[in-house]
Each structure stands twice: as structure tokens, then as C-alpha cells.
Amino acid sequence: MKVYREPCYFAEAVYLLYFFVNHISYEEDYNRVNQYFGHRSLSKEEDMALRRVQELTRIAELATADLDPEDERLQYYFAHLPGMDKKNACCLAQSMLLTVPLQCSDLDEFARNLISGYDKMMKMGLKINDLNGIGLVVEPWDGQEELEPLAIQLDRLPCDLEAKWRILRALTDYVHHVEDLKELLRPVADKLSRLMGPLVEMNEDVLRYWEDYFRAHTMDDFQSEMFNSTFLFPEENVPHEVWLCLWYFNFLGTWTEWLDNIAQDGKPVRIIYIGMCISFDYAAHRRTRPDTDTLCAMLRGLSGKDNLDTLRLCMEKPISAARLTEAMHLNSGSVSRNLYALYKLGFLETRGDGKRVNYQTKLEALQQLFGWITSYVEGQ
């Protein structure tokens with residue numbers, strides 16, 4: 001296991017300025033998520049996570065003291081993208097963090113890596129799956145599928161036409177935007193490099209917590225317990241090297257990604273980004289009933305014969321997108337969209353067989369959904 005203790009100042013500055021421009025309180029956001037997940041509430045004296053949030057607030061105020069949140073360039077990159085709701089909000093700068101890892105603390109080097117990674121991904125073909133509070137969810141295009149133009153892919157994102165146009169412009173002139181963003185971030189990142197020492201020390205216990213977790217658990221354990229789904233592992237029972245990074249100003253985010261291009265000794269590498277206020281007990285086993293809007297969205301995701309047939313075929317045995325396309329006599333784009341929508345809602349899980357990604361229905365997820373519906377109707 002590798003552990004990166006120094007922050008990635010490029011990405012940290014992006015999330016700090018996002019909160020600053022949109023007037024988001026770290027403490028209010030922390031309390032909102034605590035309430036949503038039903039996290040055990042502790043007093044301010046006992047709650048170390050809340051003290052970390054208060055330290056974030058202090059650092060953010062110092063780092064942005066000379067900035068005007070209404071500044072035109074700050075607004076362009078960091079204001080909420082139009083058309084996104086508050087819960088799932090994102091900004092243009094976040095959507096540009098397409099290529100990671102974030103294990104680089106130097107601003108200029110990280111920008112170079114960002115551009116280099118973007119170029120490599122574009123050569124392979126860029127597949128945009130979603131847009132959320134982290135940014136664009138992307139992956140290299142599967143060679144079995146027909147490559148779609150960026151404009152068509154962006155058209156499916158949950159934001160309005162103006163936001164899609166801004167993202168498209170940023171992607172098609174990516175180098176210019178990264179360089180512009182880098183210079184905008186530089187004074188904030190420089191301040192963070194001087195201010196974050198006490199916060200980094202304060203979070204040593206968080207890193208030790210997760211180091212201990214990954215000594216005792218596999219990546220399959222982590223994915224299953226944290227997200228109730230399974231990663232796209234290329235093979236079963238292969239040891240995966242874990243690189244651990246800590247988020248600070250995106251302190252509630254927990255996500256992961258492959259590092260195929262730097263796998264060592266033939267072992268796949270998975271980098272884990274842990275929000276500094278996230279413990280395993282906090283994030284796992286939070287399968288409380290969603291709110292009514294979410295339940296309705298999950299039910300809508302099951303509507304239509306194609307979606308039900310997809311779940312039925314994936315229930316019989318794990319099956320690839322290409323074979324589903326043949327079996328259902330649909331075009332590959334429709335099958336891909338259906339698969340991703342069902343996967344995103346948690347009704348499908350994925351497994352690799354060394355050659356392709358196969359999809360399998362998660363019957364327990366469907367049973368859980370209808371259990372939630374029953375309890376809601378019964379008024380429980």
C-alpha cells in the first residue's frame with residue numbers, strides 16, 4: 001500500500017473555490033450529510049470530524065481573504081453549472097478534473113499530468129457516463145461499442161444547454177482552460193501549502209484508520225461494503241495494490257479509480273480517495289430508505305420492457321453489452337445507456353472475465369427497493 005499524505009493543491013483549491021464562490025458552509029454541509037446518513041451525533045468537544053471541518057473553514061477564510069466571489073473569472077469556473085440541482089451540483093473546474101491520480105502536490109506538474117492524461121484518454125476515445133458533485137464521470141471507450149461524438153454524449157448530462165456548451169468548449173480547448181485555471185488557482189494553492197500543515201497532522205488518525213482497514217480487507221470488500229456494488233476487476237482473486245489519498249476540501253467524497261498505466265509488477269493498482277471526515281462506520285451500512293423523489297426515480301429506472309428484459313437476461317448469467325445487443329436486437333447505444341442507468345441505480349453489478357465487462361442483475365437490490373416501497377406505503 002502507498003499512502004499520499006501531502007495534499008494535491010490543484011484539486012484542493014478547486015473544491016475550496018467552489019465552496020467559496022457558491023457561499024457553501026462546510027459546517028452546514030457536514031451537518032446536512034450527517035442528518036441524511038443518520039450518522040451518530042456527538043458534541044462539538046467530542047466530534048473530531050466537526051473540529052476538522054472548523055479548521056477547514058478557518059483555512060478557507062484565510063486563503064480567500066483577498067478574493068471577490070463575484071469576480072468574473074471565478075464565476076466562470078466555479079459557479080454552479082446551470083441546470084444542476086444543489087444536491088448534485090458541480091462547476092466547470094470540477095468537470096475538468098477528468099484525469100487523475102491526484103498524488104501530485106506541485107501545481108504545475110499536476111496541470112501537465114492533467115493535460116497528458118486527457119490527451120491519452122482522447123486518443124483511446126472518451127466515454128462520458130455522468131456529471132455529479134465530483135465532476136464528469138468518464139472512462140476510455142469500450143472497443144466493442146461505436147464511439148459517439150462528444151456533443152451527443154454531453155446531451156445526456158443532467159444540466160441545461162448552457163452548461164453543456166461550456167463543458168464542450170472546455171473539453172475541445174482543454175489545454176488553454178487548464179492553463180488558465182492553473183494561474184487562477186496559483187495564489188490560493190500557494191496559501192494552502194503554507195496553511196494546511198496543522199490540518200494534515202490532524203488527519204493522521206484518518207489515514208491510519210484506512211491503512212488498517214485495507215490491511216484486513218480486499219478491494220472487493222471495500223466496494224461491496226461502501227457502495228453495495230462491485231468494481232470492474234479484470235480477474236477474480238487477483239491481489240490489487242492500493243494507493244490511498246485523502247480529500248480535504250472535498251471532505252465528504254469517497255471514490256476510487258484504476259491506474260492502469262502505472263501498474264507495478266503486473267498488479268492492477270487502485271487509488272482510493274477518502275474524504276477526511278469519512279470513517280468506515282460512517283459510510284458503510286447506510287442503506288436507509290431513500291426519500292420519496294429518489295424512490296420514484298428508482299422506479300422510473302425500471303420502467304419499459306427493454307429495462308426489464310435487460311435485468312432478466314443479466315439474471316440468467318453474466319453477459320456483456322455486445323451479447324446483450326445481439327440477444328435484444330437493439331443498437332449498441334441504446335443497450336449501453338440502459339446498462340449504465342441500471343448500474344447507476346444499483347440494479348446491476350459488473351464483473352470482468354479478463355477480456356470484457358459482464359453485467360449481472362443484483363436481485364437483492366430489487367428486493368430491497370420493493371421492500372422500501374412497501375414500508376413507505378404502509379406508513380412505516
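The rules behind these values
One numbering rule holds for all chains: residues counted from 1, following each sequence as written. At least 70 in pLDDT is required for a residue's local features to be given in this predicted model, at least 80 for side-chain atom pairs to be given and counted, and no such filter applies to totals for whole chains, interfaces and linings, which use all residues. Side-chain descriptors were evaluated using all non-hydrogen atoms of the structure, hydrogens and water having been removed beforehand. Only DSSP runs of H or I with at least four residues qualify as helices, and only runs of E with at least two residues qualify as strands; both kinds are numbered from the N terminus onward. Each residue is assigned to one of three classes by its accessible area relative to the maximum for its type, calculated with a 1.4 Å probe on protein chains only: buried under 20%, partly exposed between the two thresholds, exposed over 50%. By definition, residues are in contact when any of their heavy atoms lie within 4.5 Å. Surface exposure here means Shrake-Rupley accessible area, sampled with a 1.4 Å probe, where a residue is shielded only by the protein chains that are shown. What makes a salt bridge here is a side-chain nitrogen of Lys or Arg within 4 Å of a carboxyl oxygen of Asp or Glu, nothing more. For patches, a residue must show more than 30% relative accessible area and have no salt bridge; joins then use 9 Å for like charges and 5 Å for nonpolar side chains, namely Val, Leu, Ile, Met, Phe, Trp and Tyr. When charges are counted, Lys and Arg are positive and Asp and Glu negative, with His and the chain ends excluded. Charge coordinates come from a single atom per side chain, which is NZ of Lys, CZ of Arg, CG of Asp or CD of Glu. Axis angles are defined between N-to-C directions and span 0 to 180 degrees, where every axis is a line fitted to C-alpha atoms and, for a helix, only to the segment in contact. Roughly parallel covers angles under 35 degrees, roughly antiparallel covers those over 145, roughly perpendicular covers 65 to 115, and oblique covers all other angles. Under this grouping Gly is polar, as are all residues other than the nonpolar Ala, Val, Leu, Ile, Met, Phe, Trp, Tyr, Cys and Pro and the charged Asp, Glu, Lys and Arg. Side-chain atoms within 4.5 Å are what join buried Ala, Val, Leu, Ile, Met, Phe, Trp, Tyr and Cys residues into a set we call a nonpolar core. To pair, rings of Phe, Tyr and Trp, with the six-membered ring standing in for Trp, must have centres within 6.5 Å; the planes then decide the type, stacked if under 30 degrees apart, edge-to-face if over 60, and tilted in the middle. We count a charge as sitting over a ring when the NZ of a lysine or the CZ of an arginine lies within 6 Å of the ring centre and within 35 degrees of the ring normal. Strand pairing is assigned whenever DSSP detects at least two bridges linking the two strands. On a range of 0 to 100, pLDDT expresses the predictor's confidence in each residue.

1. Considerations on the overall build of the chain
Alright, step 1. When its secondary structure is counted, the chain shows 18 helices and nine strands.
Alright, step 2. When burial is assessed residue by residue, the chain has 50% of its 380 residues classed as buried.
Alright, step 3. Pairs at least 24 apart in sequence give 70% of the contacts found in the chain among residues at least 6 apart.
Alright, step 4. Carbon and sulfur atoms provide 50% of the accessible area of the chain, an area that totals close to 18700 Å².

2. Thoughts on the pattern of salt bridges
Alright, step 1. One pass over the structure, following the stated rule, counts 20 salt bridges.
Alright, step 2. A salt bridge links Arg156 to Glu148, with the shortest nitrogen-to-oxygen separation between them at 2.8 Å.
Alright, step 3. Between Asp309 and Lys305 there is a salt bridge; the shortest N-O distance is 2.5 Å. Remark: Lys305 and Asp309 occur in helix 15 (residues 305-316); sequence separation between them is four residues, near one turn of the helix.
Alright, step 4. Look at the salt bridges and you will find they share partners, linking Arg5, Glu204, Arg208, Glu211, Asp212 and Arg215 into a network.

3. Considering a negative patch on the surface
Alright, step 1. Taken together, the side chains of Asp68, Glu70, Asp71 and Glu72 define an acidic patch exposed on the protein surface.
Alright, step 2. Tracing the backbone through its elements, the reader meets Glu72 in helix 4 (residues 72-78).
Alright, step 3. Overall, the relative accessible area of 69% leaves Glu72 in the exposed class.

4. Quick notes on unusual backbone geometry
Alright, step 1. A positive phi angle, close to 55°, is found at His23, a residue other than glycine.
Alright, step 2. By the element assignment, His23 lies in the loop between helix 1 (9-21) and helix 2 (26-37).
Alright, step 3. Notably, His329 is not glycine yet its phi reads approximately 55°, a positive angle.
Alright, step 4. Within the secondary structure layout, His329 lies in the loop between helix 16 (321-328) and helix 17 (332-344).
Alright, step 5. For His329, a relative accessible area of 72% gives the class exposed.

5. Here we look at the side chain of Glu211
Alright, step 1. Tracing the chain through its elements places Glu211 in helix 11 (residues 204-216).
Alright, step 2. Beyond its immediate sequence surroundings of up to four residues, Glu211 is in contact with Met1, Val3, Arg5 and Leu244.

6. With respect to the packing of helix 15 against helix 17
Alright, step 1. Interaxial distance between helix 15 and helix 17 falls to 10 Å at its minimum, and their mutual angle equals 75°. Classified by the angle between their axes, helix 15 and helix 17 sit roughly perpendicular to one another. Where helix 15 approaches helix 17, its residues Asp306, Asn307, Thr310, Leu311 and Cys314 are matched on the opposing element by Asn338, Leu339 and Leu342.
Alright, step 2. Residue classes in the contact of helix 15 with helix 17 are distributed as four nonpolar, three polar and one charged.

7. Let's talk about the nonpolar core
Alright, step 1. Of all hydrophobic cores here, the largest spans 93 residues; its most connected members are Phe10, Phe78, Leu192 and Phe249.
Alright, step 2. A total of 12 residues in this core trace back to one element, the largest contributor, which is helix 1.
Alright, step 3. When neighbours within four sequence positions are excluded, Phe10 is seen to be in contact with Leu97, Leu107, Phe110, Ala111, Leu114, Leu181, Lys182 and Leu185.
Alright, step 4. Counting 20 residues, the second largest nonpolar core, distinct from the first, contains Met298, Leu313, Val335 and Leu369.

8. Overview of the packing of aromatic side chains
Alright, step 1. Tallying each qualifying case throughout the model produces 14 aromatic pairs.
Alright, step 2. Note on Tyr18 and Phe19: the rings are 5.9 Å apart at their centroids and 70° apart in plane angle, and the pair reads as edge-to-face.
Alright, step 3. Using a relative accessible area of 6% as the deciding quantity, one classes Tyr18 as buried.
Alright, step 4. Looking at Phe19, the relative accessible area reads 10%, which means it is buried.
Alright, step 5. With a centroid separation of 5.8 Å and an interplanar angle of 70°, the aromatic rings of Tyr209 and Trp210 are classed as edge-to-face.
Alright, step 6. When its relative accessible area of 34% is taken as the criterion, Tyr209 is described as partly exposed.
Alright, step 7. Taken together through their ring pairs, the aromatic side chains of Tyr18, Phe19, Tyr26 and Phe249 make up a single cluster.
Alright, step 8. A cation sits over an aromatic face here: Arg166 above Tyr76, 5.1 Å from the ring centre.

9. Side note on the pairing of strand 2 (residues 126-131)
Alright, step 1. For strand 2, the buried fraction is high: six of the six residues fall into the buried class.
Alright, step 2. Sheet analysis places strand 2 next to strand 3 (residues 136-140), joined by five bridges and oriented antiparallel. Paired with Ile128 across the two strands is Val138, which belongs to strand 3.

10. Some details on the confidence of the model for the chain
Alright, step 1. Averaged over the chain, the pLDDT score is 80; the fraction of residues at 70 or greater is 79%.
Alright, step 2. Contacts for the low-pLDDT stretch residues 41-46, under 50 throughout, to residues beyond four places or in other chains number seven contacts.
Alright, step 3. Under a pLDDT of 50 for its full length, residues 229-237 has, in the predicted model, 31 contacts with residues more than four places off or in other chains.

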